[in-house]
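A structural walkthrough
So the chains spell out like this:
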Amino acid sequence: MKISYTPIGVCSKQINIEVDDNNIVQDVEFIGGCNGNLKGIGALVKGMTVEEVIEKLENITCGYKSTSCPDQLAKALKESF
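Treat the numbers as computed from the prediction; the structure is a model and nothing was measured.

**What about the nonpolar core?**
Among the nonpolar cores identified, the biggest contains 22 residues, and Ile17, Val28, Phe30, Val45, Val53, Leu73 and Leu77 are the most heavily contacted of them. Elements supplying a minimum of two residues to this core: strand 1 (2-5), strand 2 (14-19), strand 3 (25-31), helix 1 (35-45), helix 2 (50-57) and helix 3 (69-80). Those residues in contact with isoleucine 17 that sit more than four places away from it in its chain are Met1, Lys2, Ile3, Asp27, Val28, Leu73, Ala76 and Leu77.

**Looking at helix 1**
Helical periodicity: at 3.6 residues per turn, an α-helix aligns residues three or four positions apart in one direction. Within the sequence span of helix 1, burial applies to Leu38, Ile41, Gly42 and Val45. Projected onto a plane normal to the axis of helix 1, the buried residues spread over an arc of 95° and lie on a single side. What points out from helix 1, more than 90 degrees from its buried face, is the exposed set Gly36, Lys39, Ala43 and Leu44. For helix 1, the secondary structure elements touched by its buried residues are strand 3, helix 2 and helix 3. Taken from the residues just after helix 1, glycine 47 is the one with a positive phi, measuring 95°.

**Focus: the environment of isoleucine 31**
Tracing the backbone through its elements, the reader meets isoleucine 31 in strand 3. For the pair isoleucine 31 and lysine 13, spaced 18 residues apart in sequence, the C-alpha to C-alpha distance is 5.6 Å. If near-sequence neighbours (up to four positions away) are discounted, isoleucine 31 is found in contact with Ser12, Lys13, Gln14 and Asn16.

**Some thoughts on the pairing of strand 1**
Along strand 1, the buried face is formed by Ile3 and Tyr5; none of Lys2 and Ser4, which line the opposite face, is buried. Note that strand 1 and strand 2 share four bridges and pair antiparallel. Paired with tyrosine 5 across the two strands is isoleucine 15, which belongs to strand 2.

**Description of the sheet that holds strand 2**
Strand order in this open sheet of three strands is 1-2-3, and the pairing throughout is antiparallel. Both outer strands of the open sheet, strand 1 and strand 3, are each paired with one neighbouring strand and no more. On average, each strand axis in the sheet is tilted by 10° relative to the strand beside it, whichever way the strands run. Of the strand pairs in this sheet, strand 2 and strand 3 are connected by six bridges, and their pairing is antiparallel. Bridged to isoleucine 17 within strand 3 is valine 28. Together, strand 1, strand 2 and strand 3 form the strand contacts of helix 3, whose direction differs from that of strand 2 by roughly 50°.

**What to know about the layout of surface pockets**
Looking at the largest pocket, its volume works out to about 150 Å³. Lining the largest pocket, in full, are Val28, Glu29, Phe30, Gly32, Gly33, Asn35, Leu38 and Lys39. Elements represented by at least two residues in the lining of the largest pocket include exactly strand 3 and helix 1. Here the lining of the largest pocket is composed, by residue class, of three nonpolar, three polar and two charged.

Parameters at a glance
- Residues numbered from 1 in each chain as written.
- Predicted model: local features only at pLDDT ≥ 70, side-chain atom pairs only at ≥ 80, totals over all residues.
- Heavy atoms only, no water.
- Core = buried A, V, L, I, M, F, W, Y, C linked by side-chain atoms within 4.5 Å.
- Buried < 20%, exposed > 50% of the residue type's maximum accessible area, 1.4 Å probe, protein only.
- Helix = DSSP H or I, 4+ residues; strand = E, 2+ residues; numbered from the N terminus.
- Contact = heavy atoms within 4.5 Å.
- Arc of directions from axis to C-beta.
- Pairing = 2+ DSSP bridges.
- Axes fitted to C-alpha atoms, helices over the stretch in contact; angles between N-to-C directions.
- 1 Å grid on protein atoms, 1.4 Å probe; cavity = no way out; pocket = protein on both sides within 12 Å on 5 of 7 lines; lining within 4 Å.
- Points joined across faces, edges and corners; volume = space filled by probe spheres on them.
- Nonpolar A, V, L, I, M, F, W, Y, C, P; charged D, E, K, R; others polar.

Printed below as a string of structure tokens:
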């Protein structure tokens, strides 16, 4: 399954996610935002289950914001699964 999610309240403009039939994250691409950090997040969650990613990343904040790019990734997955 391929998901394209428009995050709210963060620097990244789009999150593209690929999840296989076993709910394992195969790829994550952030468009915009902190390039190196977000490539790192994508590499770290690759191979994790959707549930693991949500558990690890949900409610992470960025500075003064009430959300973050990792939190938005968790939201995208929660809305899709």
